[in-house]
Structure formats: C-alpha cells, structure tokens
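Here is how the chains run, residue by residue.
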Amino acid sequence: MRILLTNDDGIHAEGLADLAQAMKKYGEVKVVAPDRERSACGHAMTLRDPLRATKVPYGSCEAWHVNGLPVDCVNIGLRVAFPDGCDLIVSGINHGPNLGFDITYSGTVGGAMEGAINGIRSLALSMFTVAHEAPLHFETASDWIERELGKWLEVELPRRTFLNINIPSIAIPELGETVVTRMGGRVYEDRVEPRTDPWGRTYYWQGGVVVMKPDDPGSDVEAVSLGKVSVTPISLDWTSYPALESLRSQVIPFTHH
Ligand code: MN
C-alpha cells in the first residue's frame, strides 16, 4: 500500500513522526507536511503564493516540507511523492482533539478531506486531551494504529467519505474499545476575549472555554469522554437531506410553461 502522510502541526511535530513509524506496518510511507504549524486552517488552499516542496531527511521515510497548508501538501504530495498513484492518505496525529463542529476549523481534517476529494481513502487522526497542557500519549495512538487500524482500512465506505478518528490521550491499558460515532456538538463560551494593549487600545484573542456535551449519546464527544476511540464517517456531501425533503414539501412545485 502506498501511504501519504500529512498534518497541520508541521513537519517537526512528534505526532507525525510517531504516525510515520506506526504506519510502516501497512506499506510504503512518504511524508509531505507544512514547514511550520498551521493548526485551524481548515480546508484552506494557497492560491496566490508559489508553493515549494523541499526534500528533508526523515528517518527511513522520504519526506518533503511545503510552505503551505495541509490541502497544499496533499495535492503536492500526490504529484511529488506518489506520481503513479496513492492508496491511502492519513493526516495527523494531531496534537489535540478534532470533535464536533471543531472539525470545520481543523487543518488535520482539511488534509483528509482533500484526500477524499481526490478519491483516495483518507483518515484524520487526533489525540483527545481534556486540558490544553495535558500530556500526549502518542504511544497509545501508535499501539492502536498497529493493532486496530488495519480493519478500518478494509471497510467499505461511500464515495467522498473519510474517517475522522480521535484517540483518548490516556495510558495504553486504560484505552477503551473502538466505537463508530456521529459528529457531536462542541461549542465554546467566551469565544472572544478582549484585552488592552500598552497604548490603551482593545485587541482580541480568539479561543474560549470548550463546553463539552459528553451526555450526547452516540457522539464522538461522548465516546472519547468514556475513554473510547471514536471513528466518525464524514461525508463531503454537505447537503442536509432532511432539509432537502422538507424544503421540497414546503415550496410550490416548479411549473413548466
Ligand atoms: Mn494541529
């Protein structure tokens, strides 16, 4: 299997190095990742600046860093690293969770989305931590990848659908089962914090306190709160089918003259 790895934490991230090591079990691994941290860039793409791919030493893998975003890395990777085709794209392992609505901001998920748009099986992998400073148990993620990921590479998925996987950052013996979940809710309080600069002018920090809803049954948020690995299928078809039906029943049907 030809496997392209990317992330949004940059080429030097520990999560990416551990992913590269763990994925060797499944095939030929090549890495194309941003040259610096690009978290929360979502599915953005670089259009107005030249992109350069620079080959860098990376253990036993071929690797390039790119002065762009995860989407750029996937598209350049498909040209530079695997010009004859690629079977799997894995984005991660993100240094933090990607749950609920947060996946719309996530560069990690953006990388997997781009893989799915290219018609390639794609996964986003993230570590779920409760607190920002909490330790990242990448050894738990590596262990899960080596033991469990194989079967998720075999499952049948509809077109343009990828898997968003969150692994709780806890010790290996504490890790629970793996469950299939739906996207839950994850909203923030005090999203924008105003502060004052030394000249008395107001500026803003965007961040906020996450409001988890762990009681949301069947959701990604609930699963990781219980110490389980969450696997959510995400479709690139953003159409709301219930709303589609509802809208069609509410409006007067088209009449042809
Ligand atoms: Mn990140």
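In the block above lies the structure referred to throughout.
In this report, we go over the structure that sits alongside the text. (Residues numbered from 1 in each chain as written. Predicted model: local features only at pLDDT ≥ 70, side-chain atom pairs only at ≥ 80, totals over all residues. Heavy atoms only, no water.)

1. Some thoughts on the pattern of salt bridges
Under the definition given, this model contains twelve salt bridges. Across the salt bridge formed by Asp35 and Arg36, the nearest N and O atoms sit 3.0 Å from each other. Put simply, Glu28, Lys30, Lys55 and Glu62 are held in one network by salt bridges that share partners. (Salt bridge = Lys/Arg side-chain N within 4 Å of Asp/Glu carboxyl O.)

2. Comments concerning the coordination of the manganese ion
Note on the manganese ion: its protein donors are Asp8 (OD), Asp9 (OD), Ser39 (OG) and Asn94 (OD1). The metal-donor distances range over 2.2 to 2.3 Å. For the manganese ion, the donor residues sit on a single chain with the sequence spacing D-D-x29-S-x54-N. Of this pair, Asp8 sits in the loop between strand 1 (2-6) and helix 1 (14-23) while Asn94 is found in strand 5 (residues 88-94), placing the two residues 86 residues apart along the sequence. On the accessibility criterion, Asp8 (2% relative accessible area) is buried. (Donors = N, O, S within 2.8 Å, 3.2 Å for Na, K, Ca; no water. Helix = DSSP H or I, 4+ residues; strand = E, 2+ residues; numbered from the N terminus. Buried < 20%, exposed > 50% of the residue type's maximum accessible area, 1.4 Å probe, protein only.)

3. Notes on the sheet that holds strand 5
Taken together, nine strands build an open sheet; the order of strands is 3-4-2-1-5-6-7-13-8 and the sheet is mixed. Lying at the two open borders of the sheet, with one neighbouring strand each, are strand 3 (53-58) and strand 8 (178-180). The mean inter-strand angle of the sheet, taken between neighbouring strand axes irrespective of direction, is 25°. Judged from the five bridges that link them, strand 5 and strand 6 (residues 121-128) form a sheet pairing that is parallel. Residue pairing for strand 6: Asn94 is matched across the bridge by Ser126. Where helix 1 meets the sheet, it contacts strand 1, strand 2 (28-34), strand 3, strand 4 (61-66), strand 5 and strand 6, and its direction lies at approximately 140° from that of strand 5. The sheet strands contacting helix 4 (residues 138-154) are strand 5, strand 6, strand 7 (161-168), strand 8 and strand 13 (229-235), and the helix crosses strand 6 at an angle near 150°. (Pairing = 2+ DSSP bridges. Axes fitted to C-alpha atoms, helices over the stretch in contact; angles between N-to-C directions. Contact = heavy atoms within 4.5 Å.)

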